[in-house]
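The primary structure of each chain is shown beneath.
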Amino acid sequence: MTFATLLPSSFIDQHKYATEWYIQTIISNPNTYSEGWYYSPFPGGHAFPGGTPQAPLAAFAPVAAFGGIAASPPPPMSGFSTFGTVAEPTTGSYTLTEQGNAGIYQTVTLPMNVSTLKFRVQFTQPGDGDYIEVSFGDHLSLALIADGSIGRAGLVEFEVPVVHYGGETGQLLFKLNGLGADTAVAVVDSITVNTADDADGDGLTFAQETALGTDPRYHDSDADGLDDLYEASVSMTNPLQPDSDGDGMGDAAELTAGTNPNLPTSRFIAYTPVRNANGSVTLTWAAVAGKTYTIYRSASADFANNDVVASALLGSAPQTSWTDSTVPAGAAAMFYVVQVEEE
(Lines give C-alpha, C1' and ligand atoms only; values in the text may rest on other atoms or scores of the structure.)
Protein backbone atom coordinates (compact mmCIF):
# COMPACT_ATOMS: atom_id res chain seq x y z
CA MET A 1 0.00 0.00 0.00
CA THR A 2 1.33 3.45 -0.87
CA PHE A 3 0.72 6.53 1.25
CA ALA A 4 0.19 9.77 -0.57
CA THR A 5 3.44 11.61 0.04
CA LEU A 6 3.96 11.64 -3.69
CA LEU A 7 6.64 12.73 -6.11
CA PRO A 8 4.96 14.65 -8.93
CA SER A 9 6.74 15.73 -12.08
CA SER A 10 8.60 19.01 -12.37
CA PHE A 11 5.48 20.60 -13.83
CA ILE A 12 3.78 20.51 -10.43
CA ASP A 13 6.60 21.04 -7.93
CA GLN A 14 4.72 23.88 -6.27
CA HIS A 15 1.79 21.58 -5.59
CA LYS A 16 4.20 18.97 -4.28
CA TYR A 17 5.78 21.36 -1.77
CA ALA A 18 2.37 22.55 -0.58
CA THR A 19 1.22 18.96 -0.09
CA GLU A 20 4.39 17.95 1.76
CA TRP A 21 4.08 20.98 4.05
CA TYR A 22 0.48 20.08 4.77
CA ILE A 23 1.26 16.45 5.57
CA GLN A 24 4.26 17.27 7.77
CA THR A 25 2.79 20.18 9.73
CA ILE A 26 -0.95 19.55 9.81
CA ILE A 27 -1.51 15.81 9.43
CA SER A 28 1.63 14.53 11.19
CA ASN A 29 1.76 17.23 13.82
CA PRO A 30 -1.45 18.57 13.86
CA ASN A 31 -1.70 21.29 16.42
CA THR A 32 -3.71 21.05 13.27
CA TYR A 33 -5.89 22.72 16.54
CA SER A 34 -9.46 20.44 28.62
CA GLU A 35 -11.64 19.51 35.94
CA GLY A 36 -10.26 16.71 37.95
CA TRP A 37 -11.15 13.31 39.33
CA TYR A 38 -14.45 14.68 40.56
CA TYR A 39 -15.47 15.43 36.97
CA SER A 40 -13.92 12.31 35.46
CA PRO A 41 -16.32 9.91 33.74
CA PHE A 42 -14.57 7.00 35.43
CA PRO A 43 -16.17 7.37 38.89
CA GLY A 44 -19.19 8.79 37.08
CA GLY A 45 -22.07 10.94 38.19
CA HIS A 46 -20.40 14.34 37.80
CA ALA A 47 -20.43 16.54 34.72
CA PHE A 48 -17.93 19.11 33.55
CA PRO A 49 -19.26 22.61 34.28
CA GLY A 50 -22.16 23.29 31.94
CA GLY A 51 -22.47 19.64 30.98
CA THR A 52 -24.60 16.71 32.01
CA PRO A 53 -23.51 13.87 34.30
CA GLN A 54 -21.80 11.05 32.46
CA ALA A 55 -22.01 7.38 33.22
CA PRO A 56 -18.68 5.65 34.00
CA LEU A 57 -16.81 4.62 30.88
CA ALA A 58 -16.00 1.01 30.21
CA ALA A 59 -12.41 -0.11 30.64
CA PHE A 60 -10.22 0.87 27.72
CA ALA A 61 -9.23 -1.87 25.32
CA PRO A 62 -5.88 -1.86 23.50
CA VAL A 63 -6.10 0.15 20.31
CA ALA A 64 -4.08 -0.31 17.16
CA ALA A 65 -1.44 2.29 16.46
CA PHE A 66 -2.34 4.58 13.55
CA GLY A 67 -5.99 5.01 12.67
CA GLY A 68 -7.38 2.87 15.48
CA ILE A 69 -9.47 -0.23 14.90
CA ALA A 70 -10.80 -0.08 11.37
CA ALA A 71 -14.46 -0.75 10.73
CA SER A 72 -15.57 -3.22 8.09
CA PRO A 73 -14.45 -1.99 4.64
CA PRO A 74 -17.26 -0.04 2.98
CA PRO A 75 -18.28 -0.79 -0.60
CA PRO A 76 -16.59 1.29 -3.32
CA MET A 77 -18.28 4.60 -4.08
CA SER A 78 -20.15 5.06 -7.35
CA GLY A 79 -22.51 7.58 -8.90
CA PHE A 80 -19.92 10.30 -9.46
CA SER A 81 -20.74 13.17 -11.80
CA THR A 82 -18.22 13.63 -14.60
CA PHE A 83 -16.64 16.31 -16.78
CA GLY A 84 -14.41 15.99 -19.81
CA THR A 85 -13.98 12.59 -21.39
CA VAL A 86 -14.85 9.95 -18.77
CA ALA A 87 -16.10 6.39 -19.19
CA GLU A 88 -17.42 4.02 -16.51
CA PRO A 89 -16.96 0.59 -18.09
CA THR A 90 -17.73 -1.14 -14.79
CA THR A 91 -19.51 0.27 -11.75
CA GLY A 92 -17.15 2.31 -9.62
CA SER A 93 -14.31 2.26 -12.14
CA TYR A 94 -13.67 5.44 -14.14
CA THR A 95 -11.44 5.88 -17.17
CA LEU A 96 -10.30 9.48 -17.62
CA THR A 97 -9.00 10.44 -21.07
CA GLU A 98 -6.96 13.59 -21.61
CA GLN A 99 -8.77 15.91 -23.95
CA GLY A 100 -8.28 18.98 -21.84
CA ASN A 101 -9.06 18.16 -18.22
CA ALA A 102 -11.29 15.29 -17.16
CA GLY A 103 -12.58 14.16 -13.82
CA ILE A 104 -15.24 12.88 -11.46
CA TYR A 105 -16.82 14.57 -8.48
CA GLN A 106 -19.45 14.00 -5.82
CA THR A 107 -20.66 15.95 -2.77
CA VAL A 108 -20.11 13.84 0.33
CA THR A 109 -20.46 14.25 4.08
CA LEU A 110 -17.60 12.57 5.92
CA PRO A 111 -18.53 10.73 9.14
CA MET A 112 -17.10 12.11 12.38
CA ASN A 113 -14.97 8.98 12.83
CA VAL A 114 -13.57 9.04 9.31
CA SER A 115 -9.97 7.87 9.07
CA THR A 116 -8.77 7.58 5.47
CA LEU A 117 -9.72 7.91 1.83
CA LYS A 118 -8.62 4.92 -0.27
CA PHE A 119 -8.53 4.60 -4.03
CA ARG A 120 -6.58 3.01 -6.86
CA VAL A 121 -4.94 4.70 -9.86
CA GLN A 122 -3.30 3.47 -13.04
CA PHE A 123 -2.06 5.40 -16.06
CA THR A 124 -2.93 3.04 -18.90
CA GLN A 125 -1.58 5.46 -21.51
CA PRO A 126 1.50 7.59 -20.72
CA GLY A 127 1.28 11.35 -20.71
CA ASP A 128 3.69 14.26 -20.78
CA GLY A 129 3.60 15.54 -17.23
CA ASP A 130 -0.09 14.90 -16.61
CA TYR A 131 -1.24 14.12 -13.08
CA ILE A 132 -4.27 13.10 -11.03
CA GLU A 133 -5.30 15.61 -8.36
CA VAL A 134 -7.46 14.47 -5.43
CA SER A 135 -9.17 17.12 -3.32
CA PHE A 136 -11.99 17.59 -0.84
CA GLY A 137 -13.91 20.81 -0.27
CA ASP A 138 -11.79 23.94 0.05
CA HIS A 139 -8.83 22.12 1.61
CA LEU A 140 -5.41 21.75 0.06
CA SER A 141 -5.03 18.85 -2.35
CA LEU A 142 -5.12 15.48 -0.64
CA ALA A 143 -2.86 13.88 -3.24
CA LEU A 144 -1.07 14.68 -6.50
CA ILE A 145 -0.27 11.54 -8.47
CA ALA A 146 1.95 12.12 -11.46
CA ASP A 147 2.17 9.91 -14.53
CA GLY A 148 5.45 8.07 -14.11
CA SER A 149 5.43 8.19 -10.30
CA ILE A 150 3.49 4.92 -10.23
CA GLY A 151 3.82 1.75 -12.29
CA ARG A 152 1.73 1.27 -15.41
CA ALA A 153 1.56 -2.50 -15.01
CA GLY A 154 -1.50 -2.37 -12.80
CA LEU A 155 -3.63 -0.40 -10.38
CA VAL A 156 -1.82 1.03 -7.35
CA GLU A 157 -3.69 1.63 -4.09
CA PHE A 158 -3.33 4.91 -2.21
CA GLU A 159 -4.53 5.78 1.28
CA VAL A 160 -4.81 9.41 2.39
CA PRO A 161 -5.51 10.51 6.00
CA VAL A 162 -8.67 12.63 6.26
CA VAL A 163 -9.36 12.29 9.99
CA HIS A 164 -9.41 16.07 10.57
CA TYR A 165 -12.23 16.55 8.03
CA GLY A 166 -14.77 14.42 9.91
CA GLY A 167 -18.27 15.88 9.87
CA GLU A 168 -17.56 18.17 6.92
CA THR A 169 -19.59 18.27 3.71
CA GLY A 170 -17.73 19.07 0.52
CA GLN A 171 -16.98 18.06 -3.04
CA LEU A 172 -14.73 15.03 -3.43
CA LEU A 173 -12.88 15.51 -6.71
CA PHE A 174 -10.59 13.30 -8.80
CA LYS A 175 -9.20 15.32 -11.71
CA LEU A 176 -6.85 14.42 -14.54
CA ASN A 177 -4.93 17.63 -15.18
CA GLY A 178 -3.85 17.59 -18.78
CA LEU A 179 -0.56 19.19 -19.83
CA GLY A 180 0.85 19.40 -23.35
CA ALA A 181 -0.49 16.95 -25.92
CA ASP A 182 -3.68 14.95 -25.30
CA THR A 183 -2.01 11.61 -24.63
CA ALA A 184 -2.75 10.40 -21.09
CA VAL A 185 -5.42 7.89 -20.05
CA ALA A 186 -5.86 7.06 -16.36
CA VAL A 187 -8.14 4.73 -14.43
CA VAL A 188 -9.46 5.56 -10.97
CA ASP A 189 -11.43 2.95 -9.05
CA SER A 190 -12.18 1.36 -5.64
CA ILE A 191 -12.83 4.74 -4.02
CA THR A 192 -13.80 4.24 -0.35
CA VAL A 193 -14.23 6.49 2.67
CA ASN A 194 -13.04 4.50 5.68
CA THR A 195 -13.83 4.93 9.37
CA ALA A 196 -12.06 3.74 12.53
CA ASP A 197 -13.11 3.31 16.14
CA ASP A 198 -10.16 5.49 17.21
CA ALA A 199 -9.46 7.57 14.15
CA ASP A 200 -7.37 10.22 15.96
CA GLY A 201 -5.20 7.61 17.70
CA ASP A 202 -5.62 8.96 21.24
CA GLY A 203 -6.68 5.61 22.75
CA LEU A 204 -10.32 6.58 23.22
CA THR A 205 -13.00 4.84 21.21
CA PHE A 206 -15.53 6.85 19.26
CA ALA A 207 -18.22 5.98 21.83
CA GLN A 208 -15.98 7.12 24.69
CA GLU A 209 -15.18 10.40 22.93
CA THR A 210 -18.88 10.97 22.38
CA ALA A 211 -19.56 10.38 26.09
CA LEU A 212 -16.75 12.73 27.13
CA GLY A 213 -17.62 15.39 24.58
CA THR A 214 -14.06 15.35 23.21
CA ASP A 215 -13.27 15.71 19.52
CA PRO A 216 -12.80 12.33 17.80
CA ARG A 217 -10.82 14.05 15.05
CA TYR A 218 -7.98 15.28 17.32
CA HIS A 219 -5.99 13.35 19.91
CA ASP A 220 -5.69 16.53 22.01
CA SER A 221 -9.10 18.22 21.90
CA ASP A 222 -8.11 21.31 23.89
CA ALA A 223 -4.60 21.59 22.35
CA ASP A 224 -2.89 21.74 25.75
CA GLY A 225 -0.21 19.18 24.92
CA LEU A 226 -1.93 16.30 26.75
CA ASP A 227 -3.75 13.51 24.93
CA ASP A 228 -7.45 13.13 25.71
CA LEU A 229 -6.94 9.62 27.11
CA TYR A 230 -4.16 10.83 29.42
CA GLU A 231 -6.33 13.63 30.75
CA ALA A 232 -9.36 11.40 31.24
CA SER A 233 -7.54 8.51 32.91
CA VAL A 234 -4.17 9.66 34.31
CA SER A 235 -3.98 13.38 35.11
CA MET A 236 -7.76 13.57 35.68
CA THR A 237 -7.79 17.02 34.12
CA ASN A 238 -10.55 18.35 31.89
CA PRO A 239 -9.81 17.31 28.29
CA LEU A 240 -12.01 20.18 27.13
CA GLN A 241 -10.13 22.95 28.96
CA PRO A 242 -6.37 23.66 28.60
CA ASP A 243 -6.35 25.17 32.12
CA SER A 244 -8.64 22.91 34.16
CA ASP A 245 -8.52 24.88 37.41
CA GLY A 246 -8.55 28.31 35.76
CA ASP A 247 -5.49 29.58 37.63
CA GLY A 248 -3.77 30.93 34.52
CA MET A 249 -1.28 28.07 34.26
CA GLY A 250 -1.93 25.38 31.64
CA ASP A 251 -2.43 21.75 32.62
CA ALA A 252 0.72 20.48 30.90
CA ALA A 253 2.85 23.21 32.52
CA GLU A 254 1.42 22.37 35.95
CA LEU A 255 2.23 18.70 35.54
CA THR A 256 5.79 19.60 34.57
CA ALA A 257 6.07 21.95 37.55
CA GLY A 258 4.61 19.33 39.89
CA THR A 259 1.69 21.51 40.92
CA ASN A 260 -1.93 20.36 40.98
CA PRO A 261 -3.70 21.25 37.71
CA ASN A 262 -7.07 20.80 39.43
CA LEU A 263 -6.38 23.13 42.37
CA PRO A 264 -6.26 26.88 41.63
CA THR A 265 -4.23 27.64 44.77
CA SER A 266 -1.49 25.27 43.61
CA ARG A 267 0.65 27.24 41.19
CA PHE A 268 4.28 27.66 40.27
CA ILE A 269 4.82 31.37 40.91
CA ALA A 270 7.72 33.60 41.88
CA TYR A 271 7.38 36.30 44.52
CA THR A 272 8.77 39.84 44.48
CA PRO A 273 12.58 39.72 44.73
CA VAL A 274 14.25 41.40 47.71
CA ARG A 275 17.28 43.66 47.21
CA ASN A 276 19.51 43.23 50.23
CA ALA A 277 21.67 45.92 51.84
CA ASN A 278 24.87 44.34 50.50
CA GLY A 279 23.56 44.49 46.91
CA SER A 280 22.60 40.83 46.62
CA VAL A 281 19.11 39.76 45.53
CA THR A 282 17.00 37.07 47.24
CA LEU A 283 14.46 35.19 45.13
CA THR A 284 11.57 33.17 46.55
CA TRP A 285 9.16 30.95 44.65
CA ALA A 286 6.46 28.38 45.28
CA ALA A 287 8.41 25.13 45.02
CA VAL A 288 7.65 21.43 45.02
CA ALA A 289 9.76 19.02 47.07
CA GLY A 290 11.95 16.89 44.84
CA LYS A 291 11.83 19.27 41.86
CA THR A 292 15.00 21.06 40.76
CA TYR A 293 15.22 24.57 39.36
CA THR A 294 17.41 26.74 37.12
CA ILE A 295 17.65 30.52 37.52
CA TYR A 296 18.35 32.86 34.60
CA ARG A 297 19.40 36.49 35.00
CA SER A 298 19.35 39.38 32.55
CA ALA A 299 19.97 43.12 32.64
CA SER A 300 16.94 43.68 30.39
CA ALA A 301 13.32 42.63 30.68
CA ASP A 302 13.30 41.11 27.19
CA PHE A 303 16.03 38.61 28.19
CA ALA A 304 17.77 39.17 24.87
CA ASN A 305 20.99 38.36 26.72
CA ASN A 306 20.91 36.25 29.85
CA ASP A 307 23.06 34.05 32.04
CA VAL A 308 22.42 30.92 34.04
CA VAL A 309 23.30 31.95 37.58
CA ALA A 310 22.14 28.79 39.35
CA SER A 311 21.04 25.30 38.38
CA ALA A 312 20.05 22.01 39.99
CA LEU A 313 18.58 23.88 42.94
CA LEU A 314 16.58 21.35 44.95
CA GLY A 315 13.19 22.69 45.93
CA SER A 316 11.44 22.33 49.27
CA ALA A 317 7.75 22.96 49.86
CA PRO A 318 5.98 25.26 50.16
CA GLN A 319 8.64 27.85 49.25
CA THR A 320 12.28 27.88 48.29
CA SER A 321 14.64 30.85 48.41
CA TRP A 322 17.98 31.50 46.81
CA THR A 323 20.27 34.53 47.02
CA ASP A 324 22.19 35.90 44.06
CA SER A 325 25.47 37.20 45.48
CA THR A 326 27.01 37.93 42.07
CA VAL A 327 24.94 40.95 41.05
CA PRO A 328 27.25 43.29 39.12
CA ALA A 329 28.25 46.34 41.13
CA GLY A 330 26.23 49.43 40.21
CA ALA A 331 23.50 47.48 38.39
CA ALA A 332 20.32 49.55 38.43
CA ALA A 333 18.04 46.56 37.84
CA MET A 334 18.18 42.82 37.28
CA PHE A 335 15.54 40.49 35.90
CA TYR A 336 15.19 36.81 36.80
CA VAL A 337 13.42 33.73 35.50
CA VAL A 338 13.01 30.60 37.63
CA GLN A 339 12.52 27.48 35.52
CA VAL A 340 11.60 23.95 36.52
CA GLU A 341 14.12 21.42 35.25
CA GLU A 342 12.34 18.63 33.39
CA GLU A 343 13.01 15.13 34.66
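Placed above this text is the structure.
Remember, predicted model here, so these are calculated numbers, not experimental data.

Caption draft 1: Structural context of the pattern of salt bridges. Taken as a whole, this structure holds three salt bridges when the rule is applied. In this structure, Arg217 and Asp215 form a salt bridge, with 3.0 Å as the shortest nitrogen-oxygen distance. Of the two residues, Arg217 and Asp215, neither departs from the other in class, the shared state being buried. Salt-bridge contacts for Asp324 lead to Arg297; the nearest nitrogen and oxygen are separated by 2.9 Å. Taken as a pair, Asp324 in strand S16 (residues 319–324) and Arg297 in strand S14 (residues 292–298) lie far apart in primary sequence, 27 residues in all. Here Asp324 matches Arg297 in class, with each residue buried.

Caption draft 2: The sheet that holds S14, seen in detail. Taken in spatial order, the three strands of this open sheet run S15-S14-S17, and their pairing is antiparallel. The open sheet has two edge strands with one neighbour each: strand S15 (307–314) and strand S17 (335–340). Averaged over all adjacent pairs, the angle separating strand axes in this sheet is 20 degrees, with direction ignored. By the bridge criterion, six bridges tie S14 to S17 in an arrangement that is antiparallel. Each residue of the ladder has a partner; that of Tyr296, found in S17, is Val337.

Caption draft 3: View of the nonpolar core. Leu117, Phe119, Ile132, Leu172, Phe174 and Ile191 are the most contacted members of the largest nonpolar core, which totals 32 residues. When residues of this core are traced back to their parent elements, those giving at least two are strand S4 (93–97), strand S5 (102–109), strand S6 (114–125), strand S7 (131–136), strand S8 (143–146), strand S9 (156–161), strand S10 (169–177) and strand S11 (185–195). At five residues, the largest contribution of residues to this core is made by S6. Excluding residues that lie within four positions of it along the chain, Leu117 makes contacts with Val134, Leu142, Phe158, Glu159, Val160, Val162, Leu172, Phe174, Ile191, Thr192, Val193 and Asn194. Residues Val327, Tyr336, Val338 and Val340 belong to the second largest nonpolar core, which totals 17 residues.

Caption draft 4: Geometry of the packing of aromatic side chains. Under the counting rule described, the total for this entry stands at eight aromatic pairs. Ring geometry for Phe80 against Phe174: centres 6.3 Å apart, planes inclined by 90 degrees, an arrangement best described as edge-to-face. Highlighted residues: Phe80 in the loop between helix H2 (36–39) and strand S2 (81–83) and Phe174 in strand S10, separated in sequence by 94 residues. Take Phe80: its relative accessible area is 7%, and that puts it in the buried class. An angle of 20 degrees between the planes, with centres 5.8 Å apart, marks the rings of Phe119 and Phe158 as stacked. Of this pair, Phe119 sits in strand S6 while Phe158 is found in strand S9, placing the two residues 39 residues apart along the sequence. Take Phe158: its relative accessible area is 1%, and that puts it in the buried class. Taken together through their ring pairs, the aromatic side chains of Phe80, Tyr94, Phe119, Phe158 and Phe174 make up a single cluster.

Caption draft 5: Region of the structure containing unusual backbone geometry. Cis peptide bonds are those with omega within 30 degrees of zero, and the linkage from Ala317 to Pro318 qualifies with 0 degrees. We note that Met236 has phi near 55 degrees; this positive angle belongs to a residue other than glycine. The phi dihedral of Phe303 falls on the positive side, at around 55 degrees, and the residue is not glycine. The residue Phe303 is located in the loop between S14 and S15 in this model.

Caption draft 6: Expanded view of the sheet that holds S16. Across the sheet, three strands lie side by side as S12-S13-S16; this open sheet has antiparallel pairing. At either end of the open sheet lies a strand with only one pairing partner, and these are strand S12 (274–275) and S16. Of the strand pairs in this sheet, strand S13 (residues 281–286) and S16 are connected by six bridges, and their pairing is antiparallel. Following the sheet pairing, Trp285 is matched in S16 by Thr320.

The rules behind the values
- Residues numbered from 1 in each chain as written.
- Predicted model: local features only at pLDDT ≥ 70, side-chain atom pairs only at ≥ 80, totals over all residues.
- Heavy atoms only, no water.
- Salt bridge = Lys/Arg side-chain N within 4 Å of Asp/Glu carboxyl O.
- Buried < 20%, exposed > 50% of the residue type's maximum accessible area, 1.4 Å probe, protein only.
- Helix = DSSP H or I, 4+ residues; strand = E, 2+ residues; numbered from the N terminus.
- Pairing = 2+ DSSP bridges.
- Axes fitted to C-alpha atoms, helices over the stretch in contact; angles between N-to-C directions.
- Core = buried A, V, L, I, M, F, W, Y, C linked by side-chain atoms within 4.5 Å.
- Contact = heavy atoms within 4.5 Å.
- Phe/Tyr/Trp six-rings, centres within 6.5 Å; stacked < 30°, edge-to-face > 60°.

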